[in-house]
Amino acid sequence: MSLSPRIIALLLACLISALTLTFLTFVEGVTSSMLFVVGLSSFAISFFLVLYAIELLVFREVNKMYKTIHQLKIRDFSISRKSIIKNTNPFKKLNDEIFVYVARKQREIDELKRLEQFRREFLADVSHELKTPIFAAQGFIHTLIDGAVDDEKVRDKFLSKAAKSLDGLDALVKDLVALSQLETGEVKMSFGRVDLAEITQEIFDQLETIAQTKGTSLSIRTTQPGPVWVKADSQRILQVMTNLIENAVKYGNENGRVVVNLEEDKKHILVSIRDNGPGIPPEHLSRIFERFYRVEKSRSKDRGGTGLGLAIVKHILNAHKTKITVMSKVDKGTTFRFKLERME
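Keep in mind the model is a prediction, meaning the values are calculated, not measured. (Residues numbered from 1 in each chain as written. Predicted model: local features only at pLDDT ≥ 70, side-chain atom pairs only at ≥ 80, totals over all residues. Heavy atoms only, no water.)

So, about the overall build of the protein chain. The secondary structure content of the protein chain amounts to 11 helices and seven strands. Looking at the protein chain as a whole, 33% of its 344 residues are labelled buried. Once local pairs closer than 6 in sequence are excluded, the contacts in the protein chain between residues at least 24 apart make up 71%. For the protein chain, the computed accessible surface area is about 21700 Å², with 59% contributed by carbon and sulfur atoms. (Helix = DSSP H or I, 4+ residues; strand = E, 2+ residues; numbered from the N terminus. Buried < 20%, exposed > 50% of the residue type's maximum accessible area, 1.4 Å probe, protein only. Contact = heavy atoms within 4.5 Å. Areas by Shrake-Rupley, 256 points an atom, 1.4 Å probe, with all protein chains shown as cover.)

So this is what it looks like as structure tokens:
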């Protein structure tokens with residue numbers, strides 16, 4: 001037989017009524033009509049009180065616990081912390097506290113799984129990126145050892161290629177170290193008064209040869225002529241601007257254009273680097289700041305780079321208490337935006 005709240009209340013009410021009547025039979029002067037009234041009233045009162053206590057305080061909350069378990073199974077973690085504090089029902093509070101605790105632990109488990117997956121991908125990417133220049137340099141050097149060193153032309157050609165592979169390996173290791181230091185907070189920013197317009201012009205001068213080779217025009221637009229002062233680490237913000245402008249030139253179209261816009265408002269300088277290149281497909285936009293992520297892996301490797309540039313840019317700007325955003329349309333171009341604190 002299933003013990004529902006009504007059956008339990010009925011049994012307990014009968015027991016209480018029977019006990020009451022048993023004790024009353026030992027009292028002198030108690031009539032049968034009095035026993036009937038007392039028995040009926042004690043039964044009714046006991047039944048409804050027990051039913052209320054069991055139904056509302058126990059069974060209903062136990063059913064809610066089952067619903068909570070179902071919510072956790074489908075990963076629905078929506079609950080108000082305020083509702084837990086305000087509730088006076090101990091069963092309800094226990095239920096909600098268990099829910100919040102399990103939900104928090106589930107989030108931690110999900111985050112650990114995500115980090116574990118990220119670690120696996122990162123190790124695979126690092127292994128792949130390190131393997132390429134090492135194997136290339138190894139191949140050239142072993143060829144020279146096997147006898148090609150005697151041929152002066154072959155020797156110089158292979159040594160040059162081996163040196164290029166090792167230079168790429170050195171750049172990759174340096175970027176990995178820099179990224180690791182940025183993520184762990186080992187690199188401390190040295191904030192000062194920096195002229196963004198001057199830095200941009202210096203980068204244009206450095207990239208002049210590459211830009212001329214591709215026929216790319218470089219231009220800067222400011223709200224007002226003259227210096228554009230911001231609060232930043234000069235070395236790190238130079239690294240950010242160089243990376244973004246160089247990428248715009250490298251991955252832009254032939255005979256394209258790159259525009260750096262420095263727009264002033266009351267408290268910030270809004271920086272945007274825009275090109276009219278091939279753009280980035282929508283499915284890649286959310287991942288371009290990940291380490292080693294490349295939109296077109298074959299073409300990216302041909303044009304150099306370690307695949308860590310945008311990840312480093314993101315961490316440097318995070319250290320400047322700002323975020324970088326990207327907008328892109330295929331065959332229309334790409335725009336990177338961020339803002340820095342303005343200084344007079």
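Turning our attention to the UniProt feature "transmembrane region" (unreviewed entry) in the protein chain. According to UniProt, the feature "transmembrane region" (unreviewed entry) maps to residues 7-27 and 33-59 in the numbering used here. Within residues 7-27, the helical portion is 86% and the strand portion 0%, while the C-alpha atoms at the span's ends are 31 Å from each other. (UniProt positions renumbered as here; feature names shortened; annotations may be inferred.)

In this section: unusual backbone geometry. Negative phi is the rule for most residues except glycine; trans is the rule for most peptide bonds. Although it is not a glycine, N255 sits at a positive phi angle of roughly 60 degrees. Following the sequence through the fold, N255 ends up in the loop between α8 (234-250) and β4 (257-264). Backbone geometry at D331 places phi at a positive 70 degrees, although glycine is not the residue there. Positionally, D331 belongs in the loop between β6 (325-329) and β7 (333-341). Residue class for D331 comes out exposed when judged on its relative accessible area of 62%.

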